[in-house]
Amino acid sequence: MNPESERKEGFDTQTTCPLCHNEMIMHWQSDDIPFFGEVMYVTSRCGCGFRFTDTMILAQKEPIRCELKIEKEEDLNCRVIRSISGTVRIPELGIVIEPGNVSDSYVTNIEGLLYRVRDVVKTAIKWSQDDPEKEAAGKNILKRLNDTLSSKANLTVIMEDPLGNSTIISERASCSNLTPEEASALKTGMVILDADSANLKVDSSENIQPLGND
C-alpha cells in the first residue's frame, strides 16, 4: 500500500490506558483544510470511560495568537481550530477558556464557538439563581452573545496556543507569534500517556516552553 494513501486513510497505535491499565487503541486521521493545510485528529476511548481527543496542526508549530473582531455576519463562518492546548478569550465579556485535564479539541467556526460558550453561560446562570447579582451578570453576557450571533453586536475572539496547534482561519484574523514569556504563561492541558507506568499526568504548564526554544 502506498504510504501516503495509508496516512490519509488513518492508522491505529496501541498504548496503555492510564486509568485501568488495559490496552487502548489510539486512532490517527489526517485531513486537509482548504486554504490552511494539513491537520491530524487523534482520538482514543477505553472501555473504562477514559477518552482522549486532540487536533494537531502539522504545518505550524510556533506559539501563536490569533485575534478576530466579529463585525459582520460573514465573520461567524470563519473556521476555528482549537486544540487541547488552546486558550480562548472574549475580552469584552471577561471570558477566558483555558486548557484543563478534560479539555476537548474541535474544529468549528466562530458561530459554533459562541454557541459552545453560550451553553456554558446558560448552565452558570442556572447555578446562580440564589445569587441575583451573578445571575444578572450572566444574563447580560448571554444577551451580548445572542446579539453577536444575530449580527447586532460586536465581540472579539482571541485564540492563543503555546504549541501552535490552534488558530482562526480568516483573512480578517490578525495572527502573530507569541514571545517565549507569553507562551510560558499559558497552560497546555496536555495529557501525557506513560505506557510504562500507566500514570495519567496533566501538564499544568507553569513552565511550558515554546517549541524550538530549547
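Residues numbered from 1 in each chain as written. Predicted model: local features only at pLDDT ≥ 70, side-chain atom pairs only at ≥ 80, totals over all residues. Heavy atoms only, no water.

For the protein, an unreviewed UniProt entry supplies the name ZPR1 zinc finger domain-containing protein and the organism Methanohalophilus euhalobius. Turning to the protein, the UniProt record has this under Sequence similarities (unreviewed entry): "Belongs to the ZPR1 family." (UniProt positions renumbered as here; feature names shortened; annotations may be inferred.)

Draft legend 1. Region of interest: the packing of aromatic side chains. A full pass over the atoms with the stated rule returns one aromatic pair. Lying over the aromatic face of tyrosine 106, arginine 116 brings its terminal NZ or CZ to 3.7 Å of the ring centre. (Phe/Tyr/Trp six-rings, centres within 6.5 Å; stacked < 30°, edge-to-face > 60°. Lys NZ or Arg CZ within 6 Å of the ring centre and 35° of its normal.)

Draft legend 2. Molecular detail of the sheet that holds strand 12 (residues 174–177). Taken in spatial order, the five strands line up as 8-7-10-5-12 in an open sheet, and their pairing is antiparallel. In the strand order of this sheet, the two ends are held by strand 8 (95–97) and strand 12, each with one partner. Across this sheet, the average inter-strand angle for adjacent strands is 15°, counted without regard to direction. Both strand 5 (residues 64–70) and strand 12 contribute to a ladder of four bridges, which runs antiparallel. Among the inter-strand pairings, glutamate 67 is bridged to a residue of strand 12, identified as serine 174. (Pairing = 2+ DSSP bridges. Helix = DSSP H or I, 4+ residues; strand = E, 2+ residues; numbered from the N terminus. Axes fitted to C-alpha atoms, helices over the stretch in contact; angles between N-to-C directions.)

Draft legend 3. Main features of the nonpolar core. Membership of the largest hydrophobic core comes to 26 residues, with the highest contact counts inside it found for Ile70, Ile90, Ile110, Leu114, Leu145, Val157 and Ile168. Counting residues per element, this core draws most heavily on helix 2 (residues 110–127), at six residues. Beyond its immediate sequence surroundings of up to four residues, isoleucine 70 is in contact with Asp75, Leu76, Ile110, Leu114, Thr148, Ala153, Asn154, Leu155 and Val157. Met24, Met26, Cys46 and Phe52 belong to the second-largest nonpolar core, a separate cluster that totals nine residues. (Core = buried A, V, L, I, M, F, W, Y, C linked by side-chain atoms within 4.5 Å. Buried < 20%, exposed > 50% of the residue type's maximum accessible area, 1.4 Å probe, protein only. Contact = heavy atoms within 4.5 Å.)

Draft legend 4. Representation of helix 3 (residues 132–149) within the structure. Between its terminal C-alpha atoms helix 3 stretches 26 Å, which fits the 26 Å expected from 18 residues at 1.5 Å a residue. Of all the residues in helix 3, the buried ones are Glu135, Gly138, Leu142, Leu145, Thr148 and Leu149. When helix 3 is viewed along its axis, its buried side chains cluster within an angular range of 145° and face the same direction. Those residues of helix 3 that are exposed and angled more than 90 degrees off the buried face are Pro132, Glu133, Asn140 and Lys143. (Expected span 1.5 Å × (residues − 1). Arc of directions from axis to C-beta.)

Draft legend 5. Just the sheet that holds strand 6 (residues 79–82), in detail. Strands sit in the order 9-6-11 across an open sheet of three strands; the sheet is antiparallel. Pairing within the sheet leaves two strands with one partner each, and these edge strands are strand 9 (106–109) and strand 11 (167–169). For this sheet the average axis-to-axis angle between neighbouring strands, irrespective of direction, equals 20°. In terms of strand pairing, strand 6 meets strand 9 through four bridges, oriented antiparallel. Directly across from arginine 82, in strand 9, lies its bridge partner tyrosine 106. Here helix 2 sits on the sheet in contact with strand 6 and strand 9, set at roughly 105° to strand 9.

Draft legend 6. View of the pattern of salt bridges. Inspection of every chain in the model, using the stated rule, returns nine salt bridges. Here glutamate 160 ties to arginine 65 by a salt bridge, and the two come within 3.2 Å at their closest N and O atoms. Of this pair, glutamate 160 sits in strand 10 (residues 155–161) while arginine 65 sits in strand 5; the two residues are 95 residues apart in sequence, bridging distant segments of the chain. With a closest N to O distance of 3.6 Å, lysine 139 and glutamate 135 form a salt bridge. Residue lysine 139 and its partner glutamate 135 are located together in helix 3, separated by four residues, close to a single helical turn. Residue glutamate 135 is classed as buried on the basis of its relative accessible area, which comes to 19%. Bridged by salt links that share partners, the residues Arg65, Glu67, Arg89 and Glu160 form one connected network. (Salt bridge = Lys/Arg side-chain N within 4 Å of Asp/Glu carboxyl O.)

Draft legend 7. The arrangement of the state of the cysteines in detail. Applying the stated criterion across every chain yields a total of one disulfide. Across the disulfide from cysteine 66 sits cysteine 175; the S-S distance is 2.1 Å. Here the S-S torsion is close to 115°, and the disulfide linking cysteine 66 with cysteine 175 is therefore right-handed. Here cysteine 175 lies in strand 12 and cysteine 66 lies in strand 5, a separation of 109 residues in the sequence. Free of any disulfide, cysteine 20 has its nearest neighbouring cysteine sulfur in cysteine 46, separated by 3.5 Å. Residue cysteine 20 is classed as partly exposed on the basis of its relative accessible area of 27%. (Disulfide = S-S within 2.5 Å.)

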